[in-house]
Protein chains: 4
Amino acid sequence: MLHFDSDYMEGAHPRILERLCETNLDQNSGYGTDPHTEHAKELIRAHLGNDAADIHFLVGGTQTNATVIGAVLHGADAVLAADTGHINVHEAGAIEATGHKVITLPGKDGKLAAADLEDYLRAFHGDENWPHMSIPAMVYISFPTEYGTLYSLRELEAISDVCKRYSLKLYMDGARLGYGLVAKGNDVTIRDIARLCDAFYIGGTKVGTLFGEAVVLKNDKLIPHFFSYVKRIGAMLAKGRLLGIQFETMFTDDLYYECGRIGVERAMALRAAFIAKGYKPINDSPTNQQFFELPNEEIDHLLKVATFELWGPRGEKSSVARFVTNWATTGAAVESLAAVL
Amino acid sequence: MLHFDSDYMEGAHPRILERLCETNLDQNSGYGTDPHTEHAKELIRAHLGNDAADIHFLVGGTQTNATVIGAVLHGADAVLAADTGHINVHEAGAIEATGHKVITLPGKDGKLAAADLEDYLRAFHGDENWPHMSIPAMVYISFPTEYGTLYSLRELEAISDVCKRYSLKLYMDGARLGYGLVAKGNDVTIRDIARLCDAFYIGGTKVGTLFGEAVVLKNDKLIPHFFSYVKRIGAMLAKGRLLGIQFETMFTDDLYYECGRIGVERAMALRAAFIAKGYKPINDSPTNQQFFELPNEEIDHLLKVATFELWGPRGEKSSVARFVTNWATTGAAVESLAAVL
Amino acid sequence: MLHFDSDYMEGAHPRILERLCETNLDQNSGYGTDPHTEHAKELIRAHLGNDAADIHFLVGGTQTNATVIGAVLHGADAVLAADTGHINVHEAGAIEATGHKVITLPGKDGKLAAADLEDYLRAFHGDENWPHMSIPAMVYISFPTEYGTLYSLRELEAISDVCKRYSLKLYMDGARLGYGLVAKGNDVTIRDIARLCDAFYIGGTKVGTLFGEAVVLKNDKLIPHFFSYVKRIGAMLAKGRLLGIQFETMFTDDLYYECGRIGVERAMALRAAFIAKGYKPINDSPTNQQFFELPNEEIDHLLKVATFELWGPRGEKSSVARFVTNWATTGAAVESLAAVL
Amino acid sequence: MLHFDSDYMEGAHPRILERLCETNLDQNSGYGTDPHTEHAKELIRAHLGNDAADIHFLVGGTQTNATVIGAVLHGADAVLAADTGHINVHEAGAIEATGHKVITLPGKDGKLAAADLEDYLRAFHGDENWPHMSIPAMVYISFPTEYGTLYSLRELEAISDVCKRYSLKLYMDGARLGYGLVAKGNDVTIRDIARLCDAFYIGGTKVGTLFGEAVVLKNDKLIPHFFSYVKRIGAMLAKGRLLGIQFETMFTDDLYYECGRIGVERAMALRAAFIAKGYKPINDSPTNQQFFELPNEEIDHLLKVATFELWGPRGEKSSVARFVTNWATTGAAVESLAAVL
């Protein structure tokens, strides 16, 4: 059986496991106060070229979103997101569980447009009844988006610019960041992201670690007492070293980018195979998620040899299927799938 | 100056104040354990023809929505509402503050369509990823809606039917219930509502009381320990008698309906006046809220003699203005407005 | 039957009702944007001698505590209170419902000692594990306390001093403030309170209004967007004028103090009557709540002619009973009770 | 340097890492839907002799407490715990963040007494004001406690009995369960626990896994939609297999108990060494945590060769120090410490 269900069908890049084995019986203090964690932070700060960046490691993506967004928002504050945003659709209400509304704007291919954002904010501030409404205080975007697409640098700058003018914080969900940064046509660097966003995270779980996300805050004033927020939401990993060691490894010899490159390469091969068979992708995703509208018969046929997800409910005649590759996907797997299309 | 800003420009129907004065120095126990409150509950139960109805009195509408919805939902449960629903737009995130998502469906004239509701629920249950999503557990509708419109009995039955088939609770926001029940063309009775909804409230604040909403739960199993929910959200009125006396008065000699009738009568006169001047209402509201798209010059002209709200932000050339009447609006006030149109 | 159950057996001081009747059909804008509310704020600011005081009117006490405390605290912040504090005992977890812990210290006669507070804070800051603990960020005290007792100016200054040194906000629950300010032996003025506390409220519900509490914040920087917090917790009164008119009346001709004086006078008479019969009060409360440990037979005897509350569960032989007077208690009522002791 | 700071100075038992390496590139579906997770559940169910047990794997202890307690409680419900309980002291308010109060009772050596529990519940139900109070709905105990002590079977049965009579759920925090089950003098088996508690967890993080706790619910009716609660609090581990594999390994060949035994053996050796030098333990903990009141000079002396925690703030002359051993502590380490006492 072939597997294209999700980004996490395997464990971790072998180098990660190697380092966990090598260090296993070393003794380290808990909760991220160990030297590996400190070292990983230094490596990331250097990579970002920002000595002031405030870095924290968490276990998973929804957890990271809920912790960061919940910590930045107060009272009636709300976060704005594309209607397809992960926080709006696939987090079982984790943001609302922190007491805050997710206000949605119609997205296109998973992306929020700066102009739509500005229209919303202008309308809000022009509305006599605004004191009765949730206060837009943060913008959530994902890069790549849930549909595999990317913001151009220009688009990202435009969003950042609107946020600054209306005093909103900009937060980027980088669950699949590695696959975006190396994608063909991408013109956004991680330093651009660090410059334009108030907070973002470098996704590990989907890009080669066993688990783990590196939160990057512009500086340590954005969320004072971050440790306490993490503890209070139950997200504090006792053996914090596990996160430190993994990110230390990821940011040594560019392993993070290497993982990204393999995933994207496989995705491009898979995409080409579908196109060659006459199936149209639903968008121009250059990253590790590929979506195709397929006749239900083709879907049933493929399900005999491969696992993958339907994106949304099954349609009457055709449905949208999602195929995901990652750092561990083999060329052979893609070829096998192509062979049965 | 004329005032059409909202339903609560005045205090209360004089008979309410009279009763408050008469009983003022009587001694009653607190928190709704007094005989007036008991009597008011009996009057309402009799009016609904449901001896099992579990009735509670709260102070305001947003408070009532947050208390009831927050008490019915657990964990990842969410409430479904039209995008224009009061809980989604004008409650500053009060539902989300209880930890639950408001899932929105596109409404039409403020109304949710049973078919759209069913489509959403069918898609949800057909989605492989549903365990990662907020669970639709309740439907919120308002009657009249935020746009003054009404559900027909047939529409209401259709929504109730979908709720039953998918095991969702149906909740109706009756902030302006009195104006809906007496509206021309309305074919829904309060007994229909009590039969079709799991919970609803009979709005007092906008229909003649100083404040107060009467929550009606189908039976006392829907929300065990309701008292504690009320206390915990800070909604418990110490002198509960104030609510009891007001609803006792409202449900004596049909005062509630009398108040509704005056508000609607004035609204119809106002509507006719605008139409006579060539201004088109934005919908066919038969209740106490009337919306017109007016040229900005006309708006500026009217603002010299009357107060009213723009509905949404001011447009470039024209804007939507809302005019609200109530139980205290005089015929003279409507005529004065008509005279300057 | 005589009634000493609580502070709110009656409606409001007649002058309040008079004013509500006189203004009933005046038209005012909602949500506290009316001239009565503005005037009431001015009267209170003048009374406090603080032009910068940020004043808001809410409906009830638990609501006020939850709104103010919930707005000031963030993340892992907690509020410190005496174990007998109202927020810890009789608010059904309203503070916790906002996501924050109430940390309790042993009180004496309902009062928190500055030394105990400092001990706790010193220990907290000396504890290596403090990042895993709730962060003490606010102190809650009540004046009078739940046991009718009062802080001396010296005690209050000591608490304020500890708060300042450890950067905690000081909040006072003034549900019965009027009875405290006029009590014999009290050396604390409302201006002292306004000087020493970051936030407090002037209780109306128990001291002569139908309902209503006046929140006083040191300045408008303590809780930006206070309106939104109020709306979001469901505490916004649509007809805000009702609060404005009541506090306008209370702070005209010192009616607030007049109400306080009557309640205290009756309580002192009641206290003297019990003492004359040989019953010992459990403390030296100089305010409108009096507590006596009484043999259960005496309690059963009194319950035939009067209503009052047991304070805590019934004991085997004797129990603590609470007798409450207020602005409406008549001298005759106290005499009747005294006659049957 | 020697390390006795906490239970998690090392990674995982080598057999765990071995299995993670062996299975690393296997492909498994996410979120705990993989065969390892299924197998681990079967092993645990068989071990407990309860086919109906509903088992879930989470990452950490505070997370588990917040998820389970938050899911069981509704509205004004509260959880009762000893004042020293982990949820009350060292979880930064994680329970309160779910909206619920932790009501504390004085513990003795970390233990709650059934009699104290019953006294509280009897008083609660005898208090006229109970509707204004948080409703005790669950009891939290830890085994071993935060002070290393254990409940006897008789004590546990007594607590369970009180819970049943007053309709409270009983929940046990088993973060260090492995060290308790094998302790000398312990007469409680894991099957007793499964029989007496409605919910408990088998702690992995402190007893040999990299991370992970196995939640055991009496049956799947206790928390319907458990998956959604986990997702919503951000606790869902994407690569759920990591938890499955670890617990599969732990419950194969009794590795869990083996880990427990080593930790306890080392603790007993350490305890004997302190006693031999004349230092008195503060209690009779038979598990992997040992507490001694030591002169500050002795503490400073030891800190030159070993790391360990002060328990609470440093005293003036002496302080309580905690020494923790675990499955990885070597006999040599204990001997080295003993040598410098």
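Colleague: For the relation of the copies chain A and chain D, give the residues involved together with the corresponding values.
Modeller: Of the transformation superimposing chain A on chain D, the axial component is 0.0 Å and the angular component is 180 degrees, with the fit at an RMSD of 0.0 Å. Given the turn and translation reported, the copies of this chain are related as if by a two-fold rotation axis. When the interface residues of chain A are mapped onto chain D, 100% of them are again interface residues, pointing to one common binding face.

Colleague: So what's going on with the interface of chain A and chain D? Residues and values would help.
Modeller: Each side of the interface is counted separately: chain A has 45 residues, and chain D has 45 residues. Put simply, the parts of the chain that give the side of chain A that touches chain D at least two residues each are helix 1 (14-22), helix 3 (61-72), helix 5 (94-97) and helix 10 (226-232) of chain A. A class-by-class count of the residues in the side of chain A that touches chain D yields 22 nonpolar, 17 polar and 6 charged.

Colleague: Explain the packing of helix 2 (residues 35-48) of chain B against helix 11 (residues 241-250) of chain B residue by residue, including any values.
Modeller: All names here are of chain B. Relative orientation of the contacting elements helix 2 and helix 11 amounts to 35 degrees, with a least axis distance of 7 Å. Here the hand of the crossing between helix 2 and helix 11 comes out left-handed. For the pair formed by helix 2 and helix 11, the contact residues are His36, Thr37, His39, Ala40, Leu43 and Ile44 on the first element and Arg241, Leu243, Gly244, Ile245, Phe247 and Glu248 on the second. Broken down by class, the residue content of the contact of helix 2 with helix 11 amounts to 6 nonpolar, 4 polar and 2 charged.

Colleague: Lay out the confidence of the model for chain A with the relevant residues and their values.
Modeller: Across chain A, the average pLDDT comes to 97, with 100% of residues at 70 or higher. The ipTM value of the predicted complex is 0.97, and its pTM value is 0.97.

Colleague: I'd like a description of the packing of helix 1 of chain A against helix 1 (residues 14-22) of chain D, backed by residues and values.
Modeller: Orientation of helix 1 of chain A relative to helix 1 of chain D, taken along the N-to-C sense of each, is 170 degrees, at an axis distance of 11 Å. Taken as axis vectors, helix 1 of chain A and helix 1 of chain D run roughly antiparallel relative to one another. Packed against helix 1 of chain A, whose contacting residues are Leu17(A), Leu20(A) and Cys21(A), the element helix 1 of chain D presents Leu17(D), Leu20(D) and Cys21(D) at the interface. Looking at side-chain class alone, the contact of helix 1 of chain A with helix 1 of chain D contains 6 nonpolar, no polar and no charged residues.

Colleague: Would you mind going over the interface of chain C and chain B in detail, with residue names and values included?
Modeller: Tallying the contact residues gives 45 residues for chain C and 45 residues for chain B. Its residues assigned to classes, the side of chain C that touches chain B comprises 22 nonpolar, 17 polar and 6 charged.

Colleague: Describe the domain arrangement of chain A, with residues and values.
Modeller: Residue and element names in this part refer to chain A. Assigned domains of chain A: these are domain 1 (2-8 + 255-340) and domain 2 (14-250). With centres defined by C-alpha atoms, the gap from domain 1 to domain 2 works out at 26 Å. For the side of domain 1 that touches domain 2, the secondary structure elements donating two or more residues are helix 12 (255-276) and strand 9 (289-295).

Colleague: An account of the sheet that holds strand 2 (residues 54-58) of chain D is requested, with residue identities and associated values reported.
Modeller: Within a sheet, neighbouring strands are paired by backbone hydrogen bonds and run either parallel or antiparallel to one another. Residue and element names in this part refer to chain D. Pairing in this open sheet of 7 strands is mixed, and the strands run 2-8-7-6-5-3-4 from one edge to the other. Pairing within the sheet leaves two strands with one partner each, and these edge strands are strand 2 and strand 4 (101-105). Averaged over all adjacent pairs, the angle separating strand axes in this sheet is 25 degrees, with direction ignored. Bridging between strand 5 (residues 135-142) and strand 6 (residues 169-173) involves 5 bridges; their strand directions are parallel. Note that in strand 6 the partner of Val139 across the bridge is Leu170. Against the sheet, helix 2 (residues 35-48) engages strand 2 and strand 8 (213-217), with an angle of about 125 degrees to strand 2.

Colleague: Kindly report on the relation of the copies chain C and chain B, identifying the contributing residues and their values.
Modeller: If you rotate chain C by 180 degrees and push it 0.0 Å along the axis, it lands on chain B with an RMSD of 0.0 Å. Looking at the interface residues of chain C, 100% of them are also at the interface in chain B, so both copies use one shared face.

Colleague: Explain helix 12 (residues 255-276) of chain C to me, using residue names and the numbers behind them.
Modeller: All names here are of chain C. With 22 residues, helix 12 extends 32 Å from end C-alpha to end C-alpha; this agrees with the ideal 32 Å at 1.5 Å per step. Of the residues making up helix 12, those classed as buried are Tyr256, Cys259, Gly260, Ile262, Gly263, Val264, Arg266, Ala267, Leu270 and Arg271. Tucked inside the fold, the buried residues of helix 12 contact helix 8 (177-181), helix 11 (241-250), strand 9 (289-295), strand 12 (318-324) and helix 14 (331-340).

Colleague: Explain the sheet that holds strand 9 (residues 289-295) of chain D to me, using residue names and the numbers behind them.
Modeller: Residue and element names in this part refer to chain D. Read across the open sheet, the 3 strands follow the order 9-12-11; overall the sheet is antiparallel. The outermost strands of the open sheet, each flanked by one partner alone, are strand 9 and strand 11 (309-310). Bridge analysis of strand 9 against strand 12 (residues 318-324) gives 7 bridges, and the strand direction is antiparallel. Along strand 12, the bridge assignment pairs Phe291 with Arg322.

Colleague: Go over unusual backbone geometry with me, naming the residues and quoting the values.
Modeller: Here the amide bond leading from Phe143(A) into Pro144(A) is cis, since omega sits at -10 degrees, within 30 degrees of zero. Residue position: Pro144(A) is located in the loop between strand 5 (135-142) and helix 7 (153-165). Although it is not a glycine, His225(B) sits at a positive phi angle of roughly 60 degrees. Tracing the backbone through its elements, the reader meets His225(B) in the loop between strand 8 (213-217) and helix 10 (226-232). What makes His225(B) partly exposed here is the crowd of 17 C-beta atoms within 10 Å. The backbone phi angle of Asp109(D) is positive, close to 50 degrees, even though this residue is not glycine. Structurally, the position occupied by Asp109(D) is in the loop between strand 4 and helix 5 (114-126).

Colleague: With reference to specific residues and values, describe helix 7 (residues 153-165) of chain C.
Modeller: Residue and element names in this part refer to chain C. Across its 13 residues, helix 7 extends 18 Å between first and last C-alpha, which sits within 8% of the 18 Å expected from 1.5 Å per residue. The set of residues buried in helix 7 consists of Leu156, Ile159, Ser160, Val162 and Cys163. Projection of helix 7 onto a plane perpendicular to its axis shows the buried side chains occupying an angular sector of 160 degrees, all on one side. Relative to its buried face, helix 7 has exposed residues pointing more than 90 degrees away, namely Arg154 and Arg165. Residues of helix 7 that are buried sit in contact with helix 6 (114-126), strand 5 (135-142), strand 6 (169-173) and helix 9 (190-196). Two residues or fewer after helix 7 comes Ser167, characterised by a positive phi angle close to 60 degrees.

Colleague: Can you lay out the pairing of strand 3 (residues 77-82) of chain D for me, pointing to particular residues and giving the numbers?
Modeller: All names here are of chain D. Of all 6 residues in strand 3, 6 are buried, a share of seventy percent or more. What you see with strand 3 is no split at all: Asp77, Val79 and Ala81 on one side and Ala78, Leu80 and Ala82 on the other are buried throughout. As paired strands, strand 3 and strand 5 are joined by 5 bridges and run parallel to one another. Across the sheet, residue Ala78 finds its bridge partner in strand 5, namely Pro136.

Colleague: Explain the environment of Leu255(D) to me, and be specific about the residues and the numbers.
Modeller: All names here are of chain D. In this structure, Leu255 sits in helix 11 (residues 255-276). Residues Leu255 and Lys41, spaced 214 residues apart in sequence, show a C-alpha to C-alpha distance of 16 Å. In this view, Leu255 contacts His13, Arg15, Gly208, Thr249 and Met250; residues no more than four positions away in its chain are not counted.

Colleague: Lay out the environment of Leu243(C) in plain terms, naming residues and giving numbers.
Modeller: Residue and element names in this part refer to chain C. Within the secondary structure layout, Leu243 lies in helix 11. Of the residues examined, Leu243 has 26 C-beta atoms within 10 Å and is grouped as buried. Here the alpha-carbon distance between Leu243 and Ala214, two residues 29 residues apart in the chain, equals 8.6 Å. Sequence-distant contacts of Leu243, defined by excluding residues within four places in its chain, comprise Gly32, Thr37, Phe57, Gly212 and Leu237.

Colleague: Describe in detail the pairing of strand 8 of chain B, supporting the description with residues and values.
Modeller: Residue and element names in this part refer to chain B. Of all the 5 residues making up strand 8, 5 are buried; the element is thus mostly covered by neighbouring parts of the structure. Side chains Glu213, Val215 and Leu217 of strand 8 all project onto a buried face; the interleaved residues Ala214 and Val216 project onto the opposite face, where all are buried too. As defined by bridge partners, strand 2 (residues 54-58) adjoins strand 8 across 5 bridges and the pair is classed as antiparallel. Note on strand 8: the bridge partner recorded for Phe57 is Ala214. Two strands pair when backbone bridges link them, and strand 7 (residues 199-203) and strand 8 are joined in this way by 5 bridges, in the antiparallel orientation. Directly across from Ala199, in strand 8, lies its bridge partner Leu217.

Rules of the game
Starting from 1, residues in each chain are numbered consecutively following that chain's sequence as written. Chain letters and ligand numbers both follow the written order, the letters beginning at A and the numbers at 1. The predicted origin of the model limits local features to residues at a pLDDT of at least 70 and limits the giving and counting of side-chain atom pairs to 80 or more, whereas totals for whole chains, interfaces and linings rest on all residues. Each copy is superposed on the other by least squares, with the fit set by C-alpha atoms of residues at a pLDDT of at least 70 in both. By the criterion used throughout, residues are in contact when their C-beta atoms, derived from the backbone, lie within 7 Å. To qualify as a helix, a DSSP run of H or I must reach at least 4 residues; to qualify as a strand, a run of E must reach at least 2; elements of each kind are numbered from the N terminus. Side-chain classes follow a simple rule in which Ala, Val, Leu, Ile, Met, Phe, Trp, Tyr, Cys and Pro form the nonpolar group, Asp, Glu, Lys and Arg form the charged group, and the remainder, Gly included, forms the polar group. Each axis is a line fitted through C-alpha atoms, and for a helix only the stretch in contact is used; angles between axes span 0 to 180 degrees, taken between their N-to-C directions. Take the far helix as the reference: if the near one is turned anticlockwise from it by less than a right angle, the crossing is left-handed, and if turned clockwise, right-handed. Values of pLDDT, ranging from 0 to 100, describe the predictor's confidence in every residue of the model. For classification purposes, angles smaller than 35 degrees are called roughly parallel, those larger than 145 roughly antiparallel, those between 65 and 115 roughly perpendicular, and all remaining angles oblique. For each domain, the first and last residues come from an automatic or database assignment. Strand pairing requires that DSSP identify at least two bridges connecting the strands. Residue count minus one, scaled by 1.5 Å, sets the expected span of a helix. The burial criterion counts other C-beta atoms lying within 10 Å of a residue's C-beta, which is placed from the backbone; the residue is buried at 20 or more, exposed at 12 or fewer, and partly exposed between these limits. In this context, the arc is that of the directions from the helix axis out to the C-beta atoms.

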